[in-house]
There are 2 protein chains.
Amino acid sequence: MKIGIFDSGIGGLTVFKEISKALPSFEIIYLGDTARLPYGIKSKRTIDRYSINNVKLLKSLDCKIIVIACNTASSYSTNLLKSKFKIPIFDVISAGVKAALKDNPKILGVIGTDSTINSMAYNKMILNNNSNIKVYTKACSIFVPIIEQGLIKKKHYDKIIEENLKFFKNKNLNGLILGCTHYPIIKRKIKDYLGDDISLIDSSLEVSATLKKYLEINYPNEFTKRKSKRSILLTDKSNYFDSVIKKIFNKLDFNIKLIDIK
Amino acid sequence: MKIGIFDSGIGGLTVFKEISKALPSFEIIYLGDTARLPYGIKSKRTIDRYSINNVKLLKSLDCKIIVIACNTASSYSTNLLKSKFKIPIFDVISAGVKAALKDNPKILGVIGTDSTINSMAYNKMILNNNSNIKVYTKACSIFVPIIEQGLIKKKHYDKIIEENLKFFKNKNLNGLILGCTHYPIIKRKIKDYLGDDISLIDSSLEVSATLKKYLEINYPNEFTKRKSKRSILLTDKSNYFDSVIKKIFNKLDFNIKLIDIK
């Protein structure tokens, strides 16, 4: 049983790592569309087109289940992909919202890229479940290149994190959804600023748990198999991406292959 | 006579503006590959492919002269494009270097994206002309999203500009080449930090002057015509890009059309 995960780039490797850990016996293919990243500032029309390309490619590699590891693609293209492809499709937004609602929060915050926040996908899904929840959202697109370029270690980038999160101070949030796969990397800095008691919802953990539950019910026999293969496919490879992957993941035990999307 | 200008995105509009001003009687088409931007962190292989796509499209629209307004594409793909397409091709790097060498400098600095700096295109071209010049280069990729997201107005982003330019302090630069079309927008801040007497070489001005000289010699009759048409084509349109264009250009008098690249 092959699971295909796609993301606009390499941030979704956080999701890939969690799913790899949770489902050792499943074969997993990660597709990062690095040649066309980022998605987070582009239009729905373009993101729909790229998302369809990605699922077609993963299906052609025999993936039977798709995970959208990219928040932007999840917010814009999940419904389209579900109607177009008749296979199970999991997305980080549904998983993140489900987790955020677990403890009956009254006030929630969401951070993400411009596209994710402008799509209102998180607000809509939260309010559809419980219209009494107060939702505060804030686009923090600048966090992505700061994390990717390994700049978070430098002291004065803290100021930028703080400036973006200032909006949430005194909002009495019960939880903050990290609506971009890069953000779990700066969890510690977010807590340092907003307070240690704030609950941060990390969609990579949530989508992995949701997927595991689904597979336990529908494919119990697959869990008894031996450890299975993992592959990482990228549509572009550059020194830049290599260095980012090293910065984010310390070490990666998988070969990374270059692949073209037609 | 149609001139085609391409860039990875909207930064090259600085070049488009200068050329539009310098050559009012020439028809000008600007192509911004916003659906696949940025180029500055991607590989030569991918940038070559995108650059070929862009020139093919501009040629299909009857452009007789091409200007590569993108430093990354200029550094990686100029030679390939010149050998593949038998029409005059101008690039920002040749123009920038020519201008930088005018006053017989001893020490030059270059800033650009990771790809531009890693390509060594500026160093090579400068040293080919005069091997006695000392060249210092520094990748400043983070400037691009900071400028695009309109964050330069905020005080603590100055720290990031300073941190990146610190390397050039006490290097006694005769000139600093702004090797990315976005950078002229922060000229003032660069001078504030490195000193008012430093000469900043702005390729958008230089490529426009080089092109004008070429046309005066080869197409003198074209200068007597009436004001001609300008068009801006983008491969993606989003609220994000609209707001960036407004931030960078105050006002734009041209219609922006969406176009697909096959």
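Residues numbered from 1 in each chain as written. Chains lettered and ligands numbered in written order. Predicted model: local features only at pLDDT ≥ 70, side-chain atom pairs only at ≥ 80, totals over all residues. Heavy atoms only, no water.

Quick notes on the overall build of chain A
Here's step 1: Scanning chain A from terminus to terminus reveals eleven helices and ten strands.
Here's step 2: Over its C-alpha trace chain A gives a radius of gyration of 18 Å, about what one expects of a compact globule, namely 18 Å for 262 residues.
Here's step 3: Dimensions of chain A along its principal axes, counting C-alpha atoms only, are 50 × 40 × 35 Å.
Here's step 4: By residue count, 60% of the 262 residues in chain A fall in the buried class.
Here's step 5: Sequence-distant contacts in chain A: of pairs separated by 6 or more residues, those separated by 24 or more amount to 77%.
Here's step 6: If you sum the accessible surface of chain A, you get close to 11,200 Å²; carbon and sulfur atoms cover 49% of it.
Here's step 7: The averaged location of the 24 negative side-chain charges in chain A is 3 Å from the averaged location of its 44 positive side-chain charges. (Helix = DSSP H or I, 4+ residues; strand = E, 2+ residues; numbered from the N terminus. Rg over C-alpha atoms; globule rule 2.2 N^0.38 Å. Buried < 20%, exposed > 50% of the residue type's maximum accessible area, 1.4 Å probe, protein only. Contact = heavy atoms within 4.5 Å. Areas by Shrake-Rupley, 256 points an atom, 1.4 Å probe, with all protein chains shown as cover. Lys, Arg positive; Asp, Glu negative; His and termini not counted. Charge placed at Lys NZ, Arg CZ, Asp CG, Glu CD.)

Brief notes about the relation of the copies chain A and chain B
Here's step 1: It takes a turn of 180° to lay chain A on chain B, together with a shift of 0.0 Å along the axis; the resulting RMSD is 0.0 Å. This pairing of chains is accounted for by a two-fold axis. Closest approach to the rotation axis within chain A is made by the C-alpha atom of A:Arg36, at a distance of 2.3 Å. (Least-squares fit on C-alpha atoms with pLDDT ≥ 70 in both.)

Observations regarding the domain arrangement of chain A
All names here are of chain A.
Here's step 1: Structurally, chain A comprises domain 1 (2-91 + 204-258) and domain 2 (94-203).
Here's step 2: Taking only C-alpha atoms, the centre of domain 1 and the centre of domain 2 are 22 Å apart.
Here's step 3: Opposite the 26 residues of domain 1 that make contact, domain 2 presents 25 residues.
Here's step 4: Interface area for domain 1 against domain 2, summed over the two sides, is near 2,000 Å², with a carbon-plus-sulfur share of 50%.
Here's step 5: The interface formed by domain 1 and domain 2 holds zero salt bridges in total.
Here's step 6: Viewed at the interface, domain 2 and domain 1 are joined by 16 residue pairs in polar contact (both at pLDDT 80 or more).
Here's step 7: The greatest single-element share of the side of domain 1 that touches domain 2, amounting to five residues, is contributed by helix 10 (residues 203-218).
Here's step 8: Residues belonging to the side of domain 1 that touches domain 2 are distributed by class as follows: twelve nonpolar, nine polar and five charged. (Domains from an automatic or database assignment. Buried area = accessible area lost by both parts, 1.4 Å probe. Salt bridge = Lys/Arg side-chain N within 4 Å of Asp/Glu carboxyl O. Polar contact = N/O pair within 3.5 Å; in protein donor to acceptor, adjacent residues only side chain to side chain. Nonpolar A, V, L, I, M, F, W, Y, C, P; charged D, E, K, R; others polar.)

Quick word on the sheet that holds strand 1 (residues 2-7) of chain A
All names here are of chain A.
Here's step 1: Strands sit in the order 4-3-1-2-9-10 across an open sheet of six strands; the sheet is parallel. Edge positions in the sheet fall to strand 4 (89-91) and strand 10 (256-258), since each has one partner strand and no second. Ignoring strand direction, the axes of neighbouring strands in this sheet form an average angle of 20°.
Here's step 2: When strand 3 (residues 65-68) meets strand 4, the two strands line up parallel, connected through three bridges. The residue bridging Val67 from the neighbouring strand is Phe90, located in strand 4. (Pairing = 2+ DSSP bridges. Axes fitted to C-alpha atoms, helices over the stretch in contact; angles between N-to-C directions.)

Quick notes on helix 9 (residues 187-194) of chain B
Residues and elements named next belong to chain B.
Here's step 1: Turning to helix 9, its buried residues are Ile190, Tyr193 and Leu194. All buried residues of helix 9 lie within an arc of 85° about the axis, which places them on one face of the element.
Here's step 2: As for helix 9, its buried residues are in contact with strand 5 (107-112), helix 8 (157-165), strand 7 (175-179) and strand 8 (199-202).
Here's step 3: Count one or two residues on from helix 9 and you reach Gly195, which has phi positive near 110°. (Arc of directions from axis to C-beta.)

Considerations on the nonpolar core
Here's step 1: Counting residues in each nonpolar core, the largest one holds 50 residues, and the members touching the most others are A:Leu176, B:Ile111, B:Phe143 and B:Leu176.
Here's step 2: Among residues more than four places away in sequence, those in contact with B:Phe143 are B:Ile111, B:Ile160, B:Ile161, B:Asn164, B:Leu165, B:Tyr183 and B:Ile186.
Here's step 3: Grouped together as the second largest cluster of nonpolar side chains are 31 residues, A:Val15, A:Ile19, A:Leu37 and A:Phe241 included. (Core = buried A, V, L, I, M, F, W, Y, C linked by side-chain atoms within 4.5 Å.)

Some details on the state of the cysteines
Residues and elements named next belong to chain B.
Here's step 1: For the coordinates displayed, the defined rule picks out zero disulfides over all chains.
Here's step 2: Cysteine Cys63 remains unbridged, with the sulfur of Cys70 as its closest cysteine sulfur at 17 Å.
Here's step 3: You can see Cys70 has no disulfide; the closest cysteine sulfur is in Cys180, sitting 7.8 Å from it.
Here's step 4: With a relative accessible area of 4%, Cys70 lands in the buried category. (Disulfide = S-S within 2.5 Å.)

A word on the interface of chain A and chain B
Here's step 1: Across the contact, 34 residues belong to chain A and 34 residues belong to chain B.
Here's step 2: Here B:Glu163 and A:Lys154 are joined by a salt bridge, their closest N and O atoms 2.7 Å apart.
Here's step 3: Our count for the chain A to chain B interface comes out at 22 residue pairs in polar contact (both at pLDDT 80 or more).
Here's step 4: Elements with a minimum of two residues in the side of chain A that touches chain B: helix 2 (44-60), helix 7 (143-148), helix 8 (157-165) and helix 11 (239-249) of chain A.

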